[in-house]
Amino acid sequence: MSRIGKKPIALPAGVKYTVSENGNTVLVEGPKGKVTAMLPGGITLVQKDGHLVTERQTDKQAAFHGLARALVFNAVTGVTTGWNKEIDIVGIGYRAELKGKNMVVFTLGYSHPIEFPLPTGISVEIDAKQTHLTVSGIDRQKVGQIAADMRSLRKPDPYKNKGVRYTGEKLKKKVGKTGAK
């Protein structure tokens, strides 16, 4: 059984939180901005000597206890240090470049370049070789979703290992067909 819900969340200096009146959302404010997190019913937040602790009223909320703690922890970490995902583009001629502040243009072997608009709160940095991207922001869910959408533009090919992949992602290379004997 997981005991993640019982772990306290360190509350750094400059981070404030407010729970909504109906108790189902938490607004976390910090040096990088504001993030809202959902709170399941029956879960409350209590501040004890510089730490946030999630508490449940009955054992029926045990399944949501760890979830609530993880969501609040992700919000606190997002407004203090931020979240980022790194993406590699592998393939001859495959690259990405920034067009303006909120548009990434991918060249991935299709007959046309793919324009990818960035939502507010998400920033992308591209290295000099145009094959390594860093997606960053304060909302972990948004950062992960944007990175997944970028990866889905050209998923890694199992035969040639070309495509868009996360940095450090392990791929299984398949062996192609063999000729007639």
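Just so it is clear, the structure is predicted and the values come from calculations on it, not from any experiment.

**Notes on helix H2 (residues 140–151)**
- Taking 1.5 Å of rise per residue, twelve residues should cover 16 Å, and H2 covers 17 Å from first to last C-alpha, within 8% of that figure.
- Lining the buried residues of H2 we find strand S7 (83–90), strand S9 (103–107), strand S10 (114–117), strand S11 (122–126), strand S12 (132–137) and strand S13 (163–166).

**Thoughts on the UniProt feature "domain: Large ribosomal subunit protein uL6 alpha-beta" (unreviewed entry) in the protein**
- Taken from the UniProt record, the annotation "domain: Large ribosomal subunit protein uL6 alpha-beta" (unreviewed entry) applies to residues 14–82 and 90–166.
- Spanning residues 14–82, this segment combines 28% helix with 41% strand, and its end C-alpha atoms are found 15 Å apart.
- The span residues 90–166 is 16% helix and 38% strand, and its two end C-alpha atoms sit 11 Å from each other.

**Quick look at the nonpolar core**
- Ranked by size, the top nonpolar core spans 21 residues in total, and within it Val104, Phe106, Leu133 and Met150 carry the most contacts.
- Those elements that place two or more of their residues in this core are S7, S9, S10, S11, S12 and H2.
- The biggest single contributor to this core is H2, with four residues.
- Membership of the second largest hydrophobic core comes to 17 residues, among which are Ala37, Leu39, Ala75 and Val79.

**Observations concerning the side chain of asparagine 74**
- Summarising the element assignment, asparagine 74 is placed in helix H1 (residues 62–80).
- A polar contact is formed between the side chain of asparagine 74 and the side chain of arginine 140, at a distance of 3.1 Å.
- Apart from the residues lying within four places of it in its own chain, the contact partners of asparagine 74 are Trp83 and Arg140.

**Examining the environment of alanine 148**
- Its location among the elements puts alanine 148 in helix H2.
- Between the C-alpha atom of alanine 148 and that of isoleucine 87, which follows or precedes it by 61 residues, the distance is 9.5 Å.

**Some details on the pattern of salt bridges**
- Taken as a whole and judged by the stated rule, the model has four salt bridges.
- Between glutamate 55 and lysine 48 there is a salt bridge, with its nearest N and O atoms 3.3 Å apart.
- Owing to a relative accessible area of 30%, glutamate 55 belongs among the partly exposed residues under this scheme.
- A salt bridge links lysine 99 to glutamate 115, with the shortest nitrogen-to-oxygen separation between them at 2.7 Å. Placement of the pair is lysine 99 in the loop between strand S8 (95–98) and S9 and glutamate 115 in strand S10, with a sequence separation of 16 residues.

Rules and cut-offs
Residues numbered from 1 in each chain as written. Predicted model: local features only at pLDDT ≥ 70, side-chain atom pairs only at ≥ 80, totals over all residues. Heavy atoms only, no water. Helix = DSSP H or I, 4+ residues; strand = E, 2+ residues; numbered from the N terminus. Expected span 1.5 Å × (residues − 1). Contact = heavy atoms within 4.5 Å. UniProt positions renumbered as here; feature names shortened; annotations may be inferred. Core = buried A, V, L, I, M, F, W, Y, C linked by side-chain atoms within 4.5 Å. Buried < 20%, exposed > 50% of the residue type's maximum accessible area, 1.4 Å probe, protein only. Polar contact = N/O pair within 3.5 Å; in protein donor to acceptor, adjacent residues only side chain to side chain. Salt bridge = Lys/Arg side-chain N within 4 Å of Asp/Glu carboxyl O.

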